[in-house]
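Observations on the three-dimensional arrangement
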Amino acid sequence: MEIKVEPKAMEIKVEAKTMEIKVEEEATIIKIHQDIPVATVRKTKEEEEQPLSPAARVFHAPEFNCYVITVIGVKKKIEADVVIEGLKQTLIRHPRFSSKMVNKTNKNKQTQRWVRTNVVVNDHVIVPDIQTQNIENANADKFLESYVSDLTVVSLDISKPLWELHLLDLKTSDAENVAVLKFHHSLGDGMSLMALVLACMRKTSNPDELPTLPYQNRSSSGSSRLTGGSMSGFRFLWLFTVLWSTIMLVLNTICDALRFIATAIFLKDTKTPIKGDYRLSKTKRMSLVHLTVSLDDIKLIKTTMKMTVNDVVLGVTQAGLSQYLEKKYGEKKKKIVGEDQEYKSNSNEMPKRIRLRSALLINLRPTTGIQDLADMMDKGSKCRWGNMIGYIVFPFSIGLRKDPLEHLGTAKRIIDRKKNSLEAALTFIIGKFMIKAFGVKALTMHFQSYMNKMTISLTVDPTVISNPHQLLDDWEESLRTIKTAVQERGSTYQDSRLS
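Residues numbered from 1 in each chain as written. Predicted model: local features only at pLDDT ≥ 70, side-chain atom pairs only at ≥ 80, totals over all residues. Heavy atoms only, no water.

**Comments concerning unusual backbone geometry**
One non-glycine residue with positive phi stands out, namely Met 451, at about 55°. As for its position among the elements, Met 451 is in the loop between β17 (443–450) and β18 (453–460). Since its relative accessible area comes to 64%, Met 451 is described here as exposed. A positive phi angle is found at Asn 452, which is not glycine, with a value near 60°. The residue Asn 452 is located in the loop between β17 and β18 in this model. (Helix = DSSP H or I, 4+ residues; strand = E, 2+ residues; numbered from the N terminus. Buried < 20%, exposed > 50% of the residue type's maximum accessible area, 1.4 Å probe, protein only.)

Right under this line is the structure:
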(Lines give C-alpha, C1' and ligand atoms only; values in the text may rest on other atoms or scores of the structure.)
Protein backbone atom coordinates (compact mmCIF):
# COMPACT_ATOMS: atom_id res chain seq x y z
CA MET A 1 0.00 0.00 0.00
CA GLU A 2 1.53 3.27 -1.02
CA ILE A 3 0.99 6.43 0.97
CA LYS A 4 2.37 9.93 1.30
CA VAL A 5 3.36 11.14 4.71
CA GLU A 6 5.62 13.78 6.17
CA PRO A 7 7.71 13.56 9.34
CA LYS A 8 5.83 13.87 12.61
CA ALA A 9 6.23 12.05 15.90
CA MET A 10 3.54 10.21 17.81
CA GLU A 11 3.53 10.50 21.59
CA ILE A 12 5.81 7.70 22.70
CA LYS A 13 6.95 6.93 26.24
CA VAL A 14 10.19 4.94 26.33
CA GLU A 15 11.29 2.88 29.33
CA ALA A 16 14.24 0.52 29.78
CA LYS A 17 12.93 -2.44 27.77
CA THR A 18 9.33 -1.55 27.13
CA MET A 19 7.90 1.03 24.80
CA GLU A 20 4.35 2.21 25.45
CA ILE A 21 2.27 3.72 22.67
CA LYS A 22 -1.10 5.25 23.41
CA VAL A 23 -3.48 5.15 20.48
CA GLU A 24 -5.97 8.00 20.63
CA GLU A 25 -8.72 6.25 18.67
CA GLU A 26 -8.62 3.10 20.82
CA ALA A 27 -8.78 2.54 24.54
CA THR A 28 -6.40 -0.40 24.15
CA ILE A 29 -2.81 0.13 25.36
CA ILE A 30 -0.08 -1.54 23.34
CA LYS A 31 3.22 -2.53 24.93
CA ILE A 32 6.08 -3.38 22.62
CA HIS A 33 8.44 -5.96 24.13
CA GLN A 34 12.09 -6.16 23.19
CA ASP A 35 12.78 -9.46 24.97
CA ILE A 36 13.55 -11.41 21.78
CA PRO A 37 17.23 -12.49 21.58
CA VAL A 38 19.15 -9.76 19.82
CA ALA A 39 20.10 -10.68 16.25
CA THR A 40 22.86 -8.67 14.65
CA VAL A 41 24.16 -8.93 11.10
CA ARG A 42 27.42 -7.13 10.44
CA LYS A 43 28.80 -6.02 7.14
CA THR A 44 31.55 -8.39 6.14
CA LYS A 45 33.50 -6.02 3.91
CA GLU A 46 33.72 -2.40 3.02
CA GLU A 47 31.49 -1.68 0.07
CA GLU A 48 31.41 1.33 -2.18
CA GLU A 49 28.79 3.90 -1.28
CA GLN A 50 25.97 4.22 -3.80
CA PRO A 51 24.28 7.51 -4.71
CA LEU A 52 20.49 7.67 -4.58
CA SER A 53 18.85 7.38 -7.97
CA PRO A 54 16.82 10.36 -9.26
CA ALA A 55 13.58 8.51 -8.47
CA ALA A 56 14.77 7.72 -4.92
CA ARG A 57 15.62 11.41 -4.38
CA VAL A 58 12.10 12.35 -5.46
CA PHE A 59 10.63 10.03 -2.83
CA HIS A 60 12.78 11.77 -0.18
CA ALA A 61 11.61 15.24 -1.24
CA PRO A 62 9.84 17.07 1.65
CA GLU A 63 6.63 17.45 -0.37
CA PHE A 64 6.60 13.74 -1.24
CA ASN A 65 8.19 11.81 1.62
CA CYS A 66 6.63 8.50 0.68
CA TYR A 67 6.35 5.19 2.54
CA VAL A 68 4.96 1.80 1.56
CA ILE A 69 2.85 -0.08 4.11
CA THR A 70 2.02 -3.72 3.37
CA VAL A 71 -0.37 -5.80 5.45
CA ILE A 72 0.20 -9.57 5.26
CA GLY A 73 -2.30 -12.02 6.75
CA VAL A 74 -1.18 -15.52 7.75
CA LYS A 75 -3.09 -18.67 8.69
CA LYS A 76 -0.97 -19.57 11.71
CA LYS A 77 0.32 -17.82 14.80
CA ILE A 78 3.48 -15.87 13.98
CA GLU A 79 6.63 -16.98 15.79
CA ALA A 80 8.83 -13.91 16.10
CA ASP A 81 12.11 -15.79 16.60
CA VAL A 82 11.50 -17.79 13.41
CA VAL A 83 10.75 -14.60 11.47
CA ILE A 84 13.89 -12.90 12.78
CA GLU A 85 16.03 -15.88 11.82
CA GLY A 86 14.48 -15.78 8.35
CA LEU A 87 15.22 -12.07 8.00
CA LYS A 88 18.86 -12.71 8.92
CA GLN A 89 19.12 -15.18 6.05
CA THR A 90 17.22 -13.14 3.45
CA LEU A 91 15.98 -9.56 3.68
CA ILE A 92 18.88 -7.87 5.45
CA ARG A 93 21.33 -9.40 2.99
CA HIS A 94 19.76 -7.15 0.37
CA PRO A 95 21.95 -4.03 -0.10
CA ARG A 96 19.08 -1.54 0.25
CA PHE A 97 17.70 -3.17 3.40
CA SER A 98 21.14 -3.11 5.05
CA SER A 99 22.05 0.47 4.09
CA LYS A 100 21.15 3.77 5.65
CA MET A 101 20.60 7.03 3.80
CA VAL A 102 23.33 9.60 4.53
CA ASN A 103 23.44 13.26 3.52
CA LYS A 104 26.95 14.34 2.53
CA THR A 105 28.28 17.77 1.64
CA ASN A 106 31.09 18.10 -0.87
CA LYS A 107 32.22 21.47 -2.21
CA ASN A 108 29.06 23.16 -0.95
CA LYS A 109 26.96 20.57 -2.73
CA GLN A 110 24.78 18.18 -0.74
CA THR A 111 24.35 14.62 -1.97
CA GLN A 112 22.39 11.65 -0.66
CA ARG A 113 24.04 8.23 -0.64
CA TRP A 114 23.34 4.67 0.48
CA VAL A 115 25.94 3.51 3.02
CA ARG A 116 26.13 -0.12 4.19
CA THR A 117 25.82 -0.51 7.94
CA ASN A 118 25.59 -3.15 10.66
CA VAL A 119 21.99 -4.29 11.10
CA VAL A 120 20.44 -5.22 14.45
CA VAL A 121 17.34 -7.11 13.40
CA ASN A 122 15.53 -6.49 16.70
CA ASP A 123 15.69 -2.74 16.04
CA HIS A 124 13.47 -3.32 13.02
CA VAL A 125 11.04 -5.94 14.36
CA ILE A 126 8.23 -4.69 16.60
CA VAL A 127 6.05 -7.17 18.50
CA PRO A 128 3.21 -5.33 20.27
CA ASP A 129 1.50 -7.02 23.20
CA ILE A 130 -2.12 -6.39 22.21
CA GLN A 131 -4.83 -6.76 24.84
CA THR A 132 -7.26 -8.87 22.82
CA GLN A 133 -9.88 -9.67 25.45
CA ASN A 134 -12.41 -7.28 23.95
CA ILE A 135 -11.19 -7.45 20.35
CA GLU A 136 -13.16 -9.88 18.20
CA ASN A 137 -14.25 -10.14 14.56
CA ALA A 138 -15.22 -6.69 13.25
CA ASN A 139 -13.56 -4.97 16.21
CA ALA A 140 -10.27 -6.64 15.27
CA ASP A 141 -10.57 -5.34 11.70
CA LYS A 142 -11.20 -1.82 12.99
CA PHE A 143 -8.28 -2.11 15.39
CA LEU A 144 -5.99 -3.16 12.53
CA GLU A 145 -7.16 -0.22 10.40
CA SER A 146 -6.45 2.14 13.29
CA TYR A 147 -3.05 0.58 13.99
CA VAL A 148 -1.95 0.81 10.36
CA SER A 149 -3.33 4.35 9.99
CA ASP A 150 -1.32 5.44 13.04
CA LEU A 151 1.86 4.36 11.24
CA THR A 152 1.32 7.14 8.69
CA VAL A 153 2.37 9.79 11.23
CA VAL A 154 5.44 7.96 12.56
CA SER A 155 8.61 8.52 10.53
CA LEU A 156 11.32 5.93 10.19
CA ASP A 157 14.64 6.57 11.90
CA ILE A 158 17.12 7.64 9.20
CA SER A 159 20.08 6.56 11.37
CA LYS A 160 19.36 2.96 10.36
CA PRO A 161 17.96 1.16 7.27
CA LEU A 162 14.55 2.52 6.36
CA TRP A 163 12.26 -0.41 7.11
CA GLU A 164 10.46 -2.07 10.00
CA LEU A 165 8.24 -5.10 10.52
CA HIS A 166 5.30 -5.24 12.96
CA LEU A 167 4.15 -8.71 14.07
CA LEU A 168 0.59 -8.59 15.45
CA ASP A 169 -0.92 -11.47 17.41
CA LEU A 170 -4.36 -10.39 16.23
CA LYS A 171 -7.06 -12.57 14.70
CA THR A 172 -9.03 -10.73 12.04
CA SER A 173 -11.82 -11.77 9.69
CA ASP A 174 -9.18 -12.62 7.06
CA ALA A 175 -6.25 -14.06 9.02
CA GLU A 176 -5.11 -15.74 12.22
CA ASN A 177 -2.20 -13.30 12.66
CA VAL A 178 -1.03 -10.20 10.83
CA ALA A 179 2.36 -8.79 9.79
CA VAL A 180 2.73 -5.14 8.78
CA LEU A 181 5.80 -4.24 6.73
CA LYS A 182 6.69 -0.55 6.43
CA PHE A 183 9.56 0.74 4.31
CA HIS A 184 10.54 3.90 2.53
CA HIS A 185 9.60 4.04 -1.14
CA SER A 186 13.15 5.06 -2.04
CA LEU A 187 14.18 1.45 -1.40
CA GLY A 188 12.38 0.28 -4.54
CA ASP A 189 9.18 0.27 -6.56
CA GLY A 190 6.13 -1.85 -5.79
CA MET A 191 6.83 -4.60 -8.34
CA SER A 192 10.40 -5.09 -7.11
CA LEU A 193 9.34 -5.06 -3.46
CA MET A 194 6.57 -7.63 -3.99
CA ALA A 195 9.06 -9.91 -5.73
CA LEU A 196 11.51 -9.40 -2.86
CA VAL A 197 8.93 -10.38 -0.23
CA LEU A 198 8.17 -13.55 -2.20
CA ALA A 199 11.89 -14.28 -2.48
CA CYS A 200 12.07 -14.22 1.33
CA MET A 201 9.36 -16.89 1.57
CA ARG A 202 9.77 -20.67 1.43
CA LYS A 203 7.38 -23.55 0.78
CA THR A 204 5.83 -25.21 3.82
CA SER A 205 6.29 -28.57 2.06
CA ASN A 206 9.99 -27.87 1.48
CA PRO A 207 11.60 -25.09 3.58
CA ASP A 208 14.56 -24.94 1.18
CA GLU A 209 12.42 -24.22 -1.90
CA LEU A 210 11.17 -20.87 -3.18
CA PRO A 211 7.43 -20.40 -3.84
CA THR A 212 6.25 -21.54 -7.25
CA LEU A 213 4.54 -18.85 -9.28
CA PRO A 214 1.99 -19.63 -12.01
CA TYR A 215 3.41 -19.46 -15.51
CA GLN A 216 1.30 -18.63 -18.54
CA ASN A 217 2.37 -20.31 -21.76
CA ARG A 218 2.31 -17.98 -24.72
CA SER A 219 0.97 -19.27 -27.97
CA SER A 220 3.35 -19.44 -30.87
CA SER A 221 3.32 -16.68 -33.40
CA GLY A 222 0.79 -16.95 -36.17
CA SER A 223 3.44 -15.96 -38.73
CA SER A 224 5.12 -19.36 -38.31
CA ARG A 225 2.05 -20.99 -39.83
CA LEU A 226 1.99 -18.77 -42.90
CA THR A 227 2.66 -20.37 -46.25
CA GLY A 228 5.25 -19.06 -48.66
CA GLY A 229 2.60 -17.70 -50.99
CA SER A 230 1.04 -15.50 -48.35
CA MET A 231 4.34 -14.28 -46.87
CA SER A 232 4.70 -11.28 -49.22
CA GLY A 233 1.20 -10.03 -48.40
CA PHE A 234 1.88 -10.49 -44.71
CA ARG A 235 5.10 -8.46 -44.94
CA PHE A 236 3.28 -5.58 -46.61
CA LEU A 237 0.55 -5.65 -43.94
CA TRP A 238 3.17 -5.82 -41.19
CA LEU A 239 5.06 -2.83 -42.64
CA PHE A 240 1.87 -0.78 -42.93
CA THR A 241 0.85 -1.67 -39.36
CA VAL A 242 4.25 -0.68 -37.96
CA LEU A 243 4.25 2.61 -39.88
CA TRP A 244 0.72 3.49 -38.76
CA SER A 245 1.47 2.56 -35.14
CA THR A 246 4.60 4.74 -35.18
CA ILE A 247 2.64 7.73 -36.50
CA MET A 248 -0.06 7.27 -33.85
CA LEU A 249 2.59 6.83 -31.15
CA VAL A 250 4.15 10.18 -32.02
CA LEU A 251 0.78 11.98 -32.25
CA ASN A 252 -0.52 10.49 -28.98
CA THR A 253 2.71 11.36 -27.17
CA ILE A 254 2.55 14.98 -28.39
CA CYS A 255 -1.11 15.28 -27.32
CA ASP A 256 -0.39 13.78 -23.89
CA ALA A 257 2.62 16.07 -23.41
CA LEU A 258 0.55 19.15 -24.28
CA ARG A 259 -2.22 18.08 -21.88
CA PHE A 260 0.37 17.56 -19.17
CA ILE A 261 1.82 21.03 -19.70
CA ALA A 262 -1.67 22.52 -19.66
CA THR A 263 -2.43 20.69 -16.42
CA ALA A 264 0.71 22.04 -14.80
CA ILE A 265 -0.08 25.61 -15.86
CA PHE A 266 -3.83 26.17 -15.78
CA LEU A 267 -5.99 23.07 -16.45
CA LYS A 268 -7.18 22.10 -12.98
CA ASP A 269 -9.61 19.46 -11.79
CA THR A 270 -13.15 20.39 -10.80
CA LYS A 271 -13.57 21.05 -7.10
CA THR A 272 -15.39 17.96 -5.82
CA PRO A 273 -15.99 16.35 -2.40
CA ILE A 274 -12.95 14.10 -2.96
CA LYS A 275 -10.47 16.76 -4.03
CA GLY A 276 -7.89 17.83 -1.47
CA ASP A 277 -5.89 21.05 -1.36
CA TYR A 278 -2.19 20.26 -1.65
CA ARG A 279 -1.29 23.78 -0.48
CA LEU A 280 -2.76 22.96 2.92
CA SER A 281 -1.13 19.55 3.15
CA LYS A 282 0.64 19.18 6.46
CA THR A 283 1.60 16.10 8.38
CA LYS A 284 -1.65 14.36 9.14
CA ARG A 285 -2.96 10.92 9.98
CA MET A 286 -4.23 9.17 6.87
CA SER A 287 -6.95 6.52 6.98
CA LEU A 288 -6.22 3.14 5.41
CA VAL A 289 -9.15 0.82 4.64
CA HIS A 290 -9.63 -2.14 2.30
CA LEU A 291 -12.19 -4.39 0.66
CA THR A 292 -11.75 -7.90 -0.78
CA VAL A 293 -13.89 -9.11 -3.70
CA SER A 294 -13.89 -12.19 -5.92
CA LEU A 295 -11.40 -12.07 -8.78
CA ASP A 296 -13.61 -14.53 -10.65
CA ASP A 297 -16.30 -11.84 -10.99
CA ILE A 298 -13.76 -9.50 -12.57
CA LYS A 299 -12.48 -12.25 -14.87
CA LEU A 300 -16.05 -13.01 -15.96
CA ILE A 301 -16.51 -9.41 -17.05
CA LYS A 302 -13.05 -9.39 -18.68
CA THR A 303 -13.73 -12.51 -20.74
CA THR A 304 -17.25 -11.54 -21.82
CA MET A 305 -16.30 -7.96 -22.77
CA LYS A 306 -12.96 -9.02 -24.35
CA MET A 307 -10.81 -6.66 -22.30
CA THR A 308 -8.10 -6.84 -19.64
CA VAL A 309 -8.44 -6.99 -15.86
CA ASN A 310 -7.04 -3.44 -15.67
CA ASP A 311 -9.75 -2.23 -18.06
CA VAL A 312 -12.43 -3.76 -15.85
CA VAL A 313 -10.93 -2.34 -12.64
CA LEU A 314 -10.77 1.18 -14.12
CA GLY A 315 -14.31 0.94 -15.47
CA VAL A 316 -15.70 -0.23 -12.13
CA THR A 317 -13.71 2.49 -10.34
CA GLN A 318 -15.21 5.13 -12.63
CA ALA A 319 -18.71 3.79 -11.92
CA GLY A 320 -18.02 3.64 -8.17
CA LEU A 321 -16.67 7.19 -8.04
CA SER A 322 -19.70 8.43 -10.01
CA GLN A 323 -22.07 6.73 -7.58
CA TYR A 324 -20.20 8.05 -4.55
CA LEU A 325 -20.09 11.62 -5.85
CA GLU A 326 -23.79 11.51 -6.75
CA LYS A 327 -24.57 10.68 -3.12
CA LYS A 328 -22.22 13.35 -1.77
CA TYR A 329 -23.73 16.06 -3.95
CA GLY A 330 -27.18 14.85 -2.93
CA GLU A 331 -26.27 15.14 0.76
CA LYS A 332 -24.95 18.64 0.16
CA LYS A 333 -28.20 19.75 -1.47
CA LYS A 334 -30.23 18.15 1.30
CA LYS A 335 -28.43 20.23 3.90
CA ILE A 336 -29.06 23.38 1.88
CA VAL A 337 -32.74 22.67 1.21
CA GLY A 338 -33.48 21.63 4.77
CA GLU A 339 -34.99 18.57 6.35
CA ASP A 340 -38.49 20.02 6.41
CA GLN A 341 -38.78 20.28 2.63
CA GLU A 342 -39.31 17.52 0.10
CA TYR A 343 -36.09 16.00 -1.18
CA LYS A 344 -35.63 13.43 -3.91
CA SER A 345 -32.75 11.19 -2.88
CA ASN A 346 -32.37 9.75 -6.37
CA SER A 347 -31.93 13.11 -8.10
CA ASN A 348 -28.60 13.64 -9.82
CA GLU A 349 -27.24 16.94 -8.53
CA MET A 350 -23.71 16.50 -9.86
CA PRO A 351 -22.35 19.06 -12.31
CA LYS A 352 -22.85 17.91 -15.87
CA ARG A 353 -19.14 18.14 -16.66
CA ILE A 354 -16.64 17.12 -14.00
CA ARG A 355 -12.92 17.06 -14.72
CA LEU A 356 -11.46 14.38 -12.46
CA ARG A 357 -8.10 12.84 -13.32
CA SER A 358 -5.92 10.21 -11.72
CA ALA A 359 -2.20 9.49 -11.97
CA LEU A 360 -1.83 5.78 -12.80
CA LEU A 361 1.53 4.20 -11.95
CA ILE A 362 3.15 2.19 -14.74
CA ASN A 363 6.01 -0.28 -14.33
CA LEU A 364 8.61 0.50 -17.01
CA ARG A 365 10.65 -2.69 -16.88
CA PRO A 366 10.14 -6.46 -16.62
CA THR A 367 9.60 -7.69 -13.09
CA THR A 368 12.73 -9.03 -11.42
CA GLY A 369 12.38 -12.78 -10.85
CA ILE A 370 12.26 -14.09 -7.29
CA GLN A 371 15.11 -16.53 -8.06
CA ASP A 372 17.35 -13.61 -9.09
CA LEU A 373 16.53 -11.79 -5.84
CA ALA A 374 17.08 -14.95 -3.78
CA ASP A 375 20.50 -15.39 -5.42
CA MET A 376 21.36 -11.76 -4.69
CA MET A 377 20.57 -12.20 -0.99
CA ASP A 378 22.22 -15.62 -0.77
CA LYS A 379 25.26 -15.27 -3.02
CA GLY A 380 25.65 -11.52 -3.41
CA SER A 381 24.97 -11.64 -7.15
CA LYS A 382 23.68 -8.65 -9.09
CA CYS A 383 20.16 -8.03 -10.35
CA ARG A 384 18.09 -5.04 -11.42
CA TRP A 385 16.69 -3.02 -8.54
CA GLY A 386 15.31 0.41 -7.71
CA ASN A 387 12.42 2.64 -8.75
CA MET A 388 11.54 2.65 -12.43
CA ILE A 389 7.93 3.77 -12.62
CA GLY A 390 6.16 6.33 -14.74
CA TYR A 391 2.70 7.88 -14.64
CA ILE A 392 -0.14 8.33 -17.06
CA VAL A 393 -2.88 10.86 -16.46
CA PHE A 394 -6.21 9.05 -16.70
CA PRO A 395 -9.33 11.27 -17.09
CA PHE A 396 -12.39 9.70 -15.47
CA SER A 397 -15.72 10.27 -17.21
CA ILE A 398 -17.84 10.98 -14.13
CA GLY A 399 -21.60 10.65 -14.40
CA LEU A 400 -24.45 8.21 -13.94
CA ARG A 401 -25.15 5.95 -16.93
CA LYS A 402 -28.33 4.12 -17.92
CA ASP A 403 -26.13 1.35 -19.28
CA PRO A 404 -23.40 0.59 -16.69
CA LEU A 405 -21.30 -1.09 -19.37
CA GLU A 406 -20.60 2.36 -20.83
CA HIS A 407 -18.09 2.86 -18.00
CA LEU A 408 -16.13 -0.17 -19.23
CA GLY A 409 -16.14 1.01 -22.84
CA THR A 410 -14.95 4.50 -21.89
CA ALA A 411 -12.13 3.18 -19.71
CA LYS A 412 -10.95 0.72 -22.37
CA ARG A 413 -10.85 3.36 -25.12
CA ILE A 414 -8.74 5.70 -23.00
CA ILE A 415 -6.32 3.00 -21.84
CA ASP A 416 -5.90 1.58 -25.36
CA ARG A 417 -4.86 5.02 -26.58
CA LYS A 418 -2.56 5.58 -23.60
CA LYS A 419 -0.80 2.28 -24.32
CA ASN A 420 0.24 3.70 -27.69
CA SER A 421 1.99 6.70 -26.13
CA LEU A 422 5.31 7.49 -24.43
CA GLU A 423 3.60 9.47 -21.66
CA ALA A 424 4.77 7.07 -18.91
CA ALA A 425 8.41 7.32 -20.05
CA LEU A 426 8.24 11.13 -20.13
CA THR A 427 6.75 11.38 -16.64
CA PHE A 428 9.48 9.05 -15.33
CA ILE A 429 12.08 11.50 -16.60
CA ILE A 430 10.36 14.54 -15.07
CA GLY A 431 9.08 12.76 -11.96
CA LYS A 432 9.87 15.58 -9.51
CA PHE A 433 8.04 18.11 -11.67
CA MET A 434 5.12 15.67 -11.83
CA ILE A 435 4.87 15.67 -8.05
CA LYS A 436 4.93 19.46 -7.85
CA ALA A 437 2.33 19.76 -10.60
CA PHE A 438 -0.21 17.40 -9.04
CA GLY A 439 0.64 17.84 -5.38
CA VAL A 440 -0.84 15.67 -2.66
CA LYS A 441 -4.10 13.90 -3.36
CA ALA A 442 -6.87 13.11 -0.88
CA LEU A 443 -7.42 9.62 -2.32
CA THR A 444 -5.03 6.85 -3.33
CA MET A 445 -6.31 3.48 -4.56
CA HIS A 446 -4.35 0.24 -4.87
CA PHE A 447 -5.49 -3.07 -6.33
CA GLN A 448 -3.80 -6.39 -5.54
CA SER A 449 -4.93 -9.81 -6.78
CA TYR A 450 -4.00 -13.01 -4.94
CA MET A 451 -5.54 -16.48 -4.66
CA ASN A 452 -8.66 -15.63 -6.73
CA LYS A 453 -9.27 -12.53 -4.63
CA MET A 454 -8.90 -8.85 -5.46
CA THR A 455 -8.14 -6.48 -2.59
CA ILE A 456 -8.93 -2.79 -3.03
CA SER A 457 -6.97 -0.60 -0.61
CA LEU A 458 -7.76 3.07 -0.04
CA THR A 459 -5.53 5.67 1.57
CA VAL A 460 -7.62 8.77 2.23
CA ASP A 461 -7.35 12.14 3.90
CA PRO A 462 -10.08 11.88 6.58
CA THR A 463 -10.55 15.65 6.61
CA VAL A 464 -11.73 15.38 2.98
CA ILE A 465 -13.21 11.85 2.77
CA SER A 466 -14.72 11.10 6.15
CA ASN A 467 -16.47 7.87 5.12
CA PRO A 468 -14.04 5.80 3.02
CA HIS A 469 -16.02 2.61 3.68
CA GLN A 470 -18.92 4.15 1.76
CA LEU A 471 -16.64 4.57 -1.24
CA LEU A 472 -15.66 0.90 -0.98
CA ASP A 473 -19.34 -0.09 -0.74
CA ASP A 474 -20.10 1.95 -3.89
CA TRP A 475 -17.19 0.26 -5.69
CA GLU A 476 -18.53 -3.18 -4.73
CA GLU A 477 -22.08 -2.24 -5.73
CA SER A 478 -20.82 -1.00 -9.11
CA LEU A 479 -19.03 -4.31 -9.64
CA ARG A 480 -22.25 -6.24 -8.94
CA THR A 481 -24.26 -3.98 -11.25
CA ILE A 482 -21.77 -4.36 -14.11
CA LYS A 483 -21.53 -8.12 -13.59
CA THR A 484 -25.34 -8.43 -13.74
CA ALA A 485 -25.45 -6.34 -16.94
CA VAL A 486 -22.74 -8.53 -18.50
CA GLN A 487 -24.59 -11.72 -17.60
CA GLU A 488 -27.85 -10.36 -19.02
CA ARG A 489 -26.13 -9.33 -22.21
CA GLY A 490 -24.52 -12.76 -22.49
CA SER A 491 -27.83 -14.59 -22.00
CA THR A 492 -29.58 -12.31 -24.51
CA TYR A 493 -26.83 -12.97 -27.06
CA GLN A 494 -27.13 -16.74 -26.62
CA ASP A 495 -30.95 -16.59 -26.87
CA SER A 496 -30.68 -14.68 -30.15
CA ARG A 497 -28.30 -17.31 -31.55
CA LEU A 498 -30.65 -20.15 -30.56
CA SER A 499 -33.62 -18.45 -32.20
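Text resumes after the structure shown.
**So, the sheet that holds strand β8 (residues 99–106)**
The sheet built from 3 strands is open, its strands ordered β6-β9-β8 with antiparallel pairing. Two strands bound the open sheet, and with one partner strand each, they are β6 (50–51) and β8. By the bridge criterion, 2 bridges tie β6 to strand β9 (residues 109–116) in an arrangement that is antiparallel. Of the residues in β9, the one forming a bridge with Gln 50 is Trp 114. (Pairing = 2+ DSSP bridges.)

**Details of the side chain of His 185**
With respect to the helices, strands and loops of the structure, His 185 is situated in the loop between β13 (177–184) and α4 (190–199). Given a relative accessible area of 1%, His 185 falls into the buried group. Within the local environment of His 185, its side chain forms a polar contact with the backbone oxygen of Gly 188, the two atoms lying 3.2 Å apart. (Polar contact = N/O pair within 3.5 Å; in protein donor to acceptor, adjacent residues only side chain to side chain.)

**Comments concerning the environment of Gly 386**
Structurally, Gly 386 can be placed in the loop between α8 (370–379) and β16 (389–397). The class of Gly 386 is buried, set by a relative accessible area of 15%. Remark: the alpha-carbon pair of Gly 386 and Leu 193, spanning 193 residues in sequence, is separated by 9.1 Å. Setting aside residues no more than four positions away along its own chain, Gly 386 makes contact with Gly 188, Asp 189, Ser 192 and Arg 365. (Contact = heavy atoms within 4.5 Å.)

**Some thoughts on the environment of Asp 269**
Note on placement: Asp 269 falls in the loop between α5 (228–265) and β14 (287–294). On the basis of relative accessible area, Asp 269 is assigned to the buried category, the value being 16%. In sequence terms Asp 269 and Leu 356 are 87 residues apart; their C-alpha atoms lie 5.4 Å from each other. Not counting chain neighbours up to four residues away, the residues in contact with Asp 269 comprise Lys 275, Arg 355, Leu 356 and Arg 357. Separated by 2.7 Å, the side chains of Asp 269 and Arg 357 make a polar contact.

**A closer look at the pattern of salt bridges**
Using the criterion set out here, one finds 19 salt bridges in the structure. A salt bridge links Glu 49 to Lys 104; the shortest N-O distance between them is 2.7 Å. One end of the pair, Glu 49, is in the loop between β5 (40–41) and β6; the other, Lys 104, is in strand β8, with 55 residues separating them in the sequence. Take Lys 104: its relative accessible area is 31%, and that puts it in the partly exposed class. Residue Arg 259 pairs with Asp 256 through a salt bridge whose shortest N-O separation is 3.6 Å. Taken together, the residues Arg 259 and Asp 256, both in helix α5 and 3 residues apart, mark about one turn of the helix. Owing to a relative accessible area of 2%, Asp 256 belongs among the buried residues under this scheme. (Salt bridge = Lys/Arg side-chain N within 4 Å of Asp/Glu carboxyl O.)

**Some remarks on the sheet that holds β17**
Sheet strands line up and pair through hydrogen bonds in the backbone, either parallel or antiparallel. Strand order in the open sheet made by the 3 strands is β14-β18-β17, with antiparallel pairing throughout. On the outer flanks of this sheet lie β14 and β17, each paired with one strand and no other. Across the sheet, the mean angle separating the axes of adjacent strands is 20° when strand polarity is ignored. Alignment of β14 against β18, held across 8 bridges, turns out to be antiparallel. Within the sheet, the bridge partner assigned to Thr 292 lies in β18 and is Thr 455. Sheet strands touched by helix α6 (residues 295–305): β14, β17 and β18. Its angle to β14, the strand with the most contacts, is close to 65°. (Axes fitted to C-alpha atoms, helices over the stretch in contact; angles between N-to-C directions.)

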